[in-house]
Amino acid sequence: MVKRAGNLFTTAYLLLIFGVYPLYMKQGYVDIGKAKYQFFIYCSLAALGIFTLIGVIYGGQVICRRIRQKEAYLINWDGMSVTDVFVMLYATEIFVSYAFSDYRKEALWGTEGWYIGLVLLLTLCGLYLFVSRFWGGEKIVWYVALAVSGTVFLLGILDRFSIYLLPIEIRDASFISTLGNINWFCGYLSVLAPIGICPFLFQERGKVLYGVYAVIAFMAGFCQGGSSVFLFFGALFFILLWIAVKKKEWVRDYLLLIFLWGFSAQLVRLIRMFVPDGYNYDMDNLCGYLTNSNITLLIGAVALGGHLFLRFMWKGSIDDRKQRNIHRIMSLLLGGGILLWLVLTGVNTWIGIPGLENKDGFLLNRKWGNGRGAAIYNGLRMYGQMSVFQKLFGIGPDCFSAYAYSLPEVAGDLRDYFGANRLTNAHNEFLTALVNTGIFGVCFFAGIFISFGRKCMKEKEQNAEFYFFAVCIACYFVHNMVSFAQVLNLPFLFLILGMGEAKRRSQ
């Protein structure tokens, strides 16, 4: 009875966060980061209190039963997973980092506007543990997540074309939908979009519905204006192909998904033709280039041809040997592509390459990645000046900004480059974590998701839903190679992790 109550409450909490939180706004975009954070943290702290009460009652019942049955162990340590252990180690490390921080006031709640401090991180660890124990896997949570995320993406598309369904007084082209800044929008998209795109490949039912969702998500990615979304696209299609080669039917639908991606880009192009004055963001970026060219049209056409070939003409199958060979080719192409970029960028930075001299993406300087080079460079300088203890445990959760502006040389460089704008992170997930929580924090944080992602990838095709979780994790971390954790992506990542662990426990 207690566990059932825990399941009902967990489901209600997940519906609140997946269904209401993304849409919640207070005074439009005014202090939207603070408003979002307060909604999440107040709801979650209250939920943790109720979770703790339910957990104590349930745990007491279990211990009493084991005492009556004279079992050797009161606590079933075999029920602990590797992921659980990493979560608890991470929570402990975060607290140590906070306790020894020179910026405890900042570390407690986090930098204003970002709030990735001790309170939020420990809350996420606690939510993971309770969700993974009490959630029963109700489908309604996934359906609500799909409906609301699809609505958020659709509002983003409409906002980009100056069609405002929500009456908001203050408008800014860099703030769209109900999420705010385009970086926050991309962060949310990188975690939530895969849960609606993956079923298009791995489930037979609802293909049309999931296909429509995929088109909306792809269009939202093409419309928002930030080039970091292409890291999400790359991670999504790479890991989906890695999985899809297990079955010919999945490869066939994978090619159809690529067609939908190309079709989405051309659909954005078509809308621009009909409302040329409606689009309200800069077109001089990768999003503008690909939606205004025939490249995506060609990619979509080739993919559709491959899909039709597999459906009607190719009668072969994909055995284990073919899978391994394809994986080897994919690994070589990925490694070769990264190596080629490094060589081109290094040579171009050193002596210049005709046609690439002014391309920020091929210059390792402060301008690289729209200023991310300056953020990463100074992040490395900051880590180099930390003490040995700080290198191990960090300077405190979300204290990147406080520490950066306490170092005269770093602060001067940041002010020269970013002016009055305050840099709060290195625009690289692991470098930011390295400064904030040290080597131990990075290792435990990475261990959480690597341990669970590996378990998901080892599942067989009859448990294809586990692949969803692995794809969400991969897309989040690849996208955040040039972005950051915030209150609209990291909480969802931990909740999805808890939901995946709950499903694994129920198997």
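For the structure, see preceding data.
So, here's what we can say about the structure. Predicted model, so just to flag it, every value in this text is computed and none were measured.

### Regarding the pattern of salt bridges
- If you walk through the whole model with that rule in mind, you get 11 salt bridges.
- When the shortest N-O distance is used, the salt bridge between Asp253 and Arg252 registers 3.7 Å.
- Ionic pairing is found between Glu501 and Lys455, a salt bridge with its closest N-O pair at 3.9 Å. One end of the pair, Glu501, is in helix 21 (residues 490-506); the other, Lys455, is in helix 19 (residues 429-457), and 46 residues separate them in sequence.

### Notes on the environment of Gly19
- Mapped onto the fold, Gly19 is located in helix 1 (residues 2-19).
- Taking C-alpha positions, Gly19 is 34 Å from Val245, a pair spaced 226 residues apart along the chain.
- Sequence-distant contacts of Gly19, defined by excluding residues within four places in its chain, comprise Leu14, Val144 and Val148.

### What to know about the nonpolar core
- In this structure, Phe18, Phe153, Ile197, Phe202, Leu240 and Leu490 are the most contacted members of the largest nonpolar core, which totals 152 residues.
- Once you skip the residues sitting within four places of it in the chain, Phe202 turns out to touch Leu240, Ile243, Trp250, Ala464, Tyr467 and Phe468.

### Description of a positive patch on the surface
- A cluster of basic residues, Arg321, Lys322, Arg324 and Arg328, forms a positive patch at the surface.
- With respect to the secondary-structure elements, Arg324 resides in helix 14 (residues 320-350).
- Relative accessible area serves as the criterion here: at 44%, Arg324 is assigned to the partly exposed category.

### Section: the packing of aromatic side chains
- According to the stated counting rule, one finds 51 aromatic pairs in the structure shown.
- Aromatic side chains Phe130 and Phe134 sit 6.3 Å apart centroid to centroid with 10° between the ring planes, which places their arrangement in the stacked category. In this pair, Phe130 and Phe134 both sit in helix 5 (residues 118-134), 4 residues apart, roughly one turn of the helix.
- What makes Phe134 buried here is its relative accessible area of 6%.
- Members of the aromatic cluster, connected to one another through ring pairs, are Phe18, Tyr21, Tyr24, Phe39, Phe40, Phe153, Phe185, Tyr188, Tyr213 and Phe492.
- Just above the ring of Phe200 sits the side chain of Lys207; from NZ or CZ to the centre is 5.3 Å.

### Description of a nonpolar patch on the surface
- On the surface, a nonpolar cluster with roughly 430 Å² of combined accessible area is contributed by Leu270, Met273, Phe274 and Val275.
- Mapped onto the elements, Leu270 comes out in helix 11 (residues 248-274).

### With respect to the packing of helix 15 (residues 368-384) against helix 19
- Across the interface, helix 15 lies against helix 19 with an axial gap of 9 Å and an inter-helix angle of 15°. The angle between helix 15 and helix 19 falls in the class roughly parallel. The chirality of how helix 15 crosses helix 19 is left-handed. Counted together, Ile376, Gly379, Leu380, Met382 and Tyr383 of helix 15 and Leu431, Leu434, Val435 and Ile439 of helix 19 form the full contact between these two elements.
- Tallied by class, the residues present in the contact of helix 15 with helix 19 amount to 8 nonpolar, 1 polar and no charged.

### Some thoughts on helix 9 (residues 207-224)
- Given a rise of 1.5 Å per residue, 18 residues ought to cover 26 Å, and the 26 Å separating the end C-alpha atoms of helix 9 matches this to within 8%.
- The first or second residue beyond helix 9 is Gly225, which carries a positive phi of 110°.

Cut-offs applied
- Residues numbered from 1 in each chain as written.
- Predicted model: local features only at pLDDT ≥ 70, side-chain atom pairs only at ≥ 80, totals over all residues.
- Heavy atoms only, no water.
- Salt bridge = Lys/Arg side-chain N within 4 Å of Asp/Glu carboxyl O.
- Helix = DSSP H or I, 4+ residues; strand = E, 2+ residues; numbered from the N terminus.
- Contact = heavy atoms within 4.5 Å.
- Core = buried A, V, L, I, M, F, W, Y, C linked by side-chain atoms within 4.5 Å.
- Buried < 20%, exposed > 50% of the residue type's maximum accessible area, 1.4 Å probe, protein only.
- Patch = residues over 30% accessible without salt bridge, like charges linked within 9 Å, V, L, I, M, F, W, Y side chains within 5 Å.
- Areas by Shrake-Rupley, 256 points an atom, 1.4 Å probe, with all protein chains shown as cover.
- Lys, Arg positive; Asp, Glu negative; His and termini not counted.
- Charge placed at Lys NZ, Arg CZ, Asp CG, Glu CD.
- Phe/Tyr/Trp six-rings, centres within 6.5 Å; stacked < 30°, edge-to-face > 60°.
- Lys NZ or Arg CZ within 6 Å of the ring centre and 35° of its normal.
- Axes fitted to C-alpha atoms, helices over the stretch in contact; angles between N-to-C directions.
- Parallel < 35°, antiparallel > 145°, perpendicular 65-115°, else oblique.
- Left-handed = near helix turned anticlockwise from the far one by under 90°.
- Nonpolar A, V, L, I, M, F, W, Y, C, P; charged D, E, K, R; others polar.
- Expected span 1.5 Å × (residues − 1).

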